[in-house]
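Observations on the three-dimensional arrangement
As a plain string of letters, each chain reads:
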Amino acid sequence: MSEPGGMELSATLRRIERAAGALATASVARMDESLPWFRELPADQRSWVMLVAQAGARSLVQWLRSGGGSADSTQEVSDEVFATAPEALARSISLQQTVALIKVTIDVVEEQVSHLAAPGEEQQLREAVLRFSREIAFAAARVYARAAESRGSWDARLQALLVDALLRGDSPDVLASRAAALGWSDAPPVAVAVGRSPGGEVAAVLHTVYRQARRIGVEVIGGVHGDRLVIVLGGAADPVAATEKLLPAFGEGPVVVGPAVPSLDEATESARAALAGFRAAPAWPTAPRPVPAAELLPERALAGDAEARRRLRHDVYAALVRAGGELLETLDAFFTAGGTLESAARSLFVHPNTVRYRLRRIAEVTGFSPLSPRDAFALQVALTVGRLDPVVPAVTAVPTQTMTPGVRKTSQAGDDRR
């Protein structure tokens, strides 16, 4: 190789070739002394580093011979320097640690310049080693960049498969194996959020999701299915509040959050509720964003969601039946009167305070207040669903006029005292 001044490093190159093995051994010994984490590596990984160091010494000779040592050369170091070690090494040693290994090796070579260089070639070799260290660092960066891209593509496919398995309701074993491959820690609680995808490249959409998730400290797995963005959240004490902070990742339209469950094994339930809510959400244009799937029970029931119908039938209608016929009777009268309390009281032959008390009891029993328009709608749907498909014997309300005066008076007086 000719330097700008016309000198050749042929004698120096022969010395470097002869000393390649010794340089690699000295470099690994220095790593062992100066890098505590290197001493903790398994024996096989340490041997891989030795192979890389030997390949680096050979690459230096090849690089110098091909003209890389000249000041105006743009010759790059081949990434094949790192091909002697398996890809597993890139996953075991971070880029920062690799840079530290390169620095140690270059330091050892620089210390040996006076022994490696032929007389009069010390300065040329020292400058060449500096340029080589820059190129070897760039080569390492390229290797890690390709590994990151490959891993990112694989992770994206695996996450899409995991989300698809959740939506299909695959077995917990399938979910667990795919989640483990992604490094999912399964921090409770787990919930699923569904909204519209903003469009564009899937990788860019998911990158926004992960960036936002890192900021709020929650674990996420995401996938784009058609025009829907599905996100699995883990470790968020309040999944709805966490989803609100992830809204920039979603497109326009409703975002529905399924119920929180203890682990990913049970997240299929959350995913089904979130999907059902997302399909039914257009029926509630003023719904909050995000909205819990549980708040969309009436819309989900009208859209044909069997789970929503079951919950309204069991948790609302059946609860009213079990609590006593007077609550169901009062609720019917209240709705028939158009939500006017006094009119309902007159139709029931009771005091308005009795109706107020019973309405409060209905709210306690069902979780829905008849005095709230939104809750009243849910109660009306629940009554309809319950009577169409009853799971408990319906209680036939005894007409007030057929009751004996003494019984009616006692019942009314008792209600009034409340």
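Refer to the structure printed above.
The structure reproduced in this document is the subject of the present report. Because the structure is predicted, anything quoted here is derived from the model rather than measured. (Residues numbered from 1 in each chain as written. Predicted model: local features only at pLDDT ≥ 70, side-chain atom pairs only at ≥ 80, totals over all residues. Heavy atoms only, no water.)

A closer look at the sheet that holds strand β1 (residues 190-196)
- Taken together, the five strands give an open sheet; going across it, the order is β2-β3-β1-β4-β5, and neighbouring strands pair in mixed fashion. Because the sheet does not close on itself, it has two edges, and the strands there are β2 (219-225) and β5 (291-292).
- Summarising the sheet, β2 and strand β3 (residues 228-234) pair through seven bridges and their orientation is antiparallel. The residue of β3 that forms the bridge with G222 is I231.
- Sheet strands in contact with helix α9 (residues 202-216) are β2 and β3, and its direction is about 160 degrees off that of β2.
- Against the sheet, helix α11 (residues 267-280) makes contact with β1, β3 and β4 (256-257), and its axis sits at roughly 25 degrees relative to β1, the strand it touches most. (Pairing = 2+ DSSP bridges. Helix = DSSP H or I, 4+ residues; strand = E, 2+ residues; numbered from the N terminus. Contact = heavy atoms within 4.5 Å. Axes fitted to C-alpha atoms, helices over the stretch in contact; angles between N-to-C directions.)

Remarks on α11
- The terminal C-alpha atoms of α11, which comprises 14 residues, lie 20 Å apart, in line with the 20 Å expected from a rise of 1.5 Å per residue.
- Of all 14 residues in α11, eleven are buried; the element is thus mostly enclosed.
- When we look at burial in α11, the residues that qualify are A267, T268, S270, A271, A273, A274, L275, A276, G277, F278 and A280. (Expected span 1.5 Å × (residues − 1). Buried < 20%, exposed > 50% of the residue type's maximum accessible area, 1.4 Å probe, protein only.)

A few points about the packing of aromatic side chains
- For the structure on display, the rule yields two aromatic pairs.
- Between W37 and F38 the ring centres are 6.2 Å apart and the planes differ by 85 degrees, which places this aromatic pair in the edge-to-face class.
- The partly exposed category is assigned to W37, whose relative accessible area is 22%.
- Geometrically, the ring pair formed by F334 and F335 is tilted, given 6.1 Å between the ring centres and 50 degrees between the ring planes. Accessibility assignment for this pair places F334 and F335 in one class, buried. (Phe/Tyr/Trp six-rings, centres within 6.5 Å; stacked < 30°, edge-to-face > 60°.)

Here we look at the packing of helix α1 (residues 10-34) against helix α3 (residues 43-65)
- Running from N to C, α1 and α3 cross one another at 150 degrees; their axes reach a closest spacing of 9 Å. Between α1 and α3, the angle falls in the class roughly antiparallel. The chirality of how α1 crosses α3 is right-handed. Residues L13, I16, E17, A20, A24, T25, V28, M31 and D32 of α1 form the contact with α3, whose participating residues are R46, V49, M50, A53, Q54, A57, L60, V61, L64 and R65.
- Grouping the constituent residues of the contact of α1 with α3 by class yields 13 nonpolar, two polar and four charged. (Parallel < 35°, antiparallel > 145°, perpendicular 65-115°, else oblique. Left-handed = near helix turned anticlockwise from the far one by under 90°. Nonpolar A, V, L, I, M, F, W, Y, C, P; charged D, E, K, R; others polar.)

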